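Single-letter residue listing:
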Amino acid sequence: MLVDSHCHLDHLDLADYQNSLSELLAAARQRGVQQFLSVGVDLATSAKLIEMAQSFPDVVVSVGVHPLQRELPPLPEVAELIDLGRQQGVVAIGETGLDNYYDQDNAAWQEQSFIRHLQAAAQLKKPVIVHTRDAREQTLAILKAHVDQEVGGVIHCFTENWEMAKAAMDLNFMISFSGIITFRNAKELREVVRQVPMDKMLVETDAPWLAPVPYRGKQNEPGYVVEVAKMVAEIKGIDWQEVAEVTTANFRKCFLQVN
């Protein structure tokens, strides 16, 4: 059994599946993927994801506002995030965080939004899903000041260095790896995979983006999380089914609060 711990089911092109999300999920289940976390990127779509979670028993969702927005919306209110976060099927807050790679002009908005997500997550006692790029020190500083370390969360689609991974794990965060670890130029990131303990690791697709080898250039799909797990296994020198077992247990502990 595998879990795709981070995907965007509402952004997938379903043309190859008769425009049916049910068929796409069925294809993933045939590859052993038995649970999906579909992640919110704004408040409107987060509300729609809640409806999706009520239609598919193996889909859970998060609610939040992504730090990269084409048109800068009003800052999310903590109360809004809490109201959405209390709905059935919602297991996390996010994704939120900081991105200085694509957007340095809205740094103040990003920081305030990030803090509000963390405040909502702390009140709800739910984990937070963090997006961070080219903002290591700022991200860690905000987490140290505002995260509920008893609950923690996940640094998703991890592309940073070992020092940041260790600092995040010290704050009770899981480190989630995507198909990027299969890319030829990801040698340094694969070294981080080697160092991160298995009990702190998740695997994800971030579908529809970042399809792993051998699917690069195509739409990513939740079923392709198998390739991520197999690469982790190759790096660690273990069987990939062990990766599936451990990362599934980690997911249940982090998001479903089941040991």
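Quick notes on the rules
- Residues numbered from 1 in each chain as written.
- Predicted model: local features only at pLDDT ≥ 70, side-chain atom pairs only at ≥ 80, totals over all residues.
- Heavy atoms only, no water.
- Phe/Tyr/Trp six-rings, centres within 6.5 Å; stacked < 30°, edge-to-face > 60°.
- Helix = DSSP H or I, 4+ residues; strand = E, 2+ residues; numbered from the N terminus.
- Buried < 20%, exposed > 50% of the residue type's maximum accessible area, 1.4 Å probe, protein only.
- Lys NZ or Arg CZ within 6 Å of the ring centre and 35° of its normal.
- Pairing = 2+ DSSP bridges.
- Right-handed = clockwise from strand over helix to strand, strands pointing away.
- Salt bridge = Lys/Arg side-chain N within 4 Å of Asp/Glu carboxyl O.
- Core = buried A, V, L, I, M, F, W, Y, C linked by side-chain atoms within 4.5 Å.
- Contact = heavy atoms within 4.5 Å.
- Axes fitted to C-alpha atoms, helices over the stretch in contact; angles between N-to-C directions.
- Parallel < 35°, antiparallel > 145°, perpendicular 65-115°, else oblique.
- Nonpolar A, V, L, I, M, F, W, Y, C, P; charged D, E, K, R; others polar.
- Expected span 1.5 Å × (residues − 1).
- Arc of directions from axis to C-beta.

### Some words on the packing of aromatic side chains
- If you walk through the whole model with that rule in mind, you get 3 aromatic pairs.
- Note on F158 and F177: the rings are 6.1 Å apart at their centroids and 75° apart in plane angle, and the pair reads as edge-to-face. Of this pair, F158 sits in the loop between β6 (153-155) and α6 (162-170) while F177 sits in strand β7 (residues 173-177); the two residues are 19 residues apart in sequence, bridging distant segments of the chain. There is no split in this pair, since F158 and F177 are both buried.
- In this structure, R216 packs its charged tip against the face of F183, placed 3.6 Å from the ring centre.

### Brief notes about the pairing of β7
- For β7, the buried fraction is high: 5 of the 5 residues fall into the buried class.
- Residue alternation in β7 divides its side chains into two sets, F173, I175 and F177 and M174 and S176, and both sets are buried.
- Relative to β7, β6 runs parallel, the two sharing 3 bridges. Looking across to β7, one finds that G153 is bridged to F173.
- Regarding the hand of the β-α-β motif, the stretch spanning β6, α6 and β7 is right-handed.
- Crossover handedness for the path β7 to helix α7 (residues 187-195) to strand β8 (residues 201-203): right-handed.

### Focus on the environment of Q112
- Within the element layout of this structure, Q112 appears in helix α4 (residues 107-124).
- As for Q112 and G97, which are separated by 15 residues in sequence, their C-alpha atoms are 9.6 Å apart.

### A short note on the pattern of salt bridges
- Tallying each qualifying case throughout the model produces 7 salt bridges.
- With a shortest N-O distance of 3.9 Å, E77 and R116 are connected by a salt bridge. Of this pair, E77 sits in the loop between β3 (59-63) and α3 (78-85) while R116 sits in helix α4, placing them 39 residues apart in sequence.
- Since its relative accessible area comes to 22%, R116 is described here as partly exposed.
- Salt-bridge contacts for E191 lead to R194; the nearest nitrogen and oxygen are separated by 2.6 Å. Here E191 and its partner R194 are both found in helix α7, 3 residues apart, which amounts to about one turn of the helix.
- Looking at E191, the relative accessible area reads 34%, which means it is partly exposed.

### Brief notes about the nonpolar core
- Ranked by internal contacts, the top residues of the largest apolar core, which has 73 residues, are L9, L143, F158, F173, I175 and F177.
- Examining the composition of this core, we find that 7 residues originate from one element, helix α8 (residues 225-236), more than from any other.
- In contact with F177, not counting residues within four places along its chain, are F158, L189, V192, V193, V196, M201, L202, V203, E204 and V228.
- Counting residues in each nonpolar core, the second largest holds 13 residues, with V60, V91, F251 and F255 among its members.

### A word on the packing of helix α5 (residues 136-146) against α6
- Between α5 and α6, the shortest axis-to-axis distance is 11 Å and the interhelical angle comes to 5°. Here α6 runs roughly parallel to α5, going by the angle between their axes. Contact residues: α5 offers R136, T139 and L140, while α6 offers M164, A167 and A168.
- Considered class by class, the residues forming the contact of α5 with α6 number 4 nonpolar, 1 polar and 1 charged.

### Here we look at helix α9 (residues 240-255)
- Given a rise of 1.5 Å per residue, 16 residues ought to cover 22 Å, and the 22 Å separating the end C-alpha atoms of α9 matches this to within 8%.
- All buried positions along α9 are accounted for by V243, A244, T247, T248, N250, F251, C254 and F255. One side of α9 carries all its buried residues, which in axial view fall inside an arc of 165°. Facing away from the buried side of α9 by over 90 degrees, the exposed positions are E245 and K253.
- Just beyond α9, the residue with positive phi is Q257, at close to 55°.

By themselves, these observations are geometric and do not establish any function.
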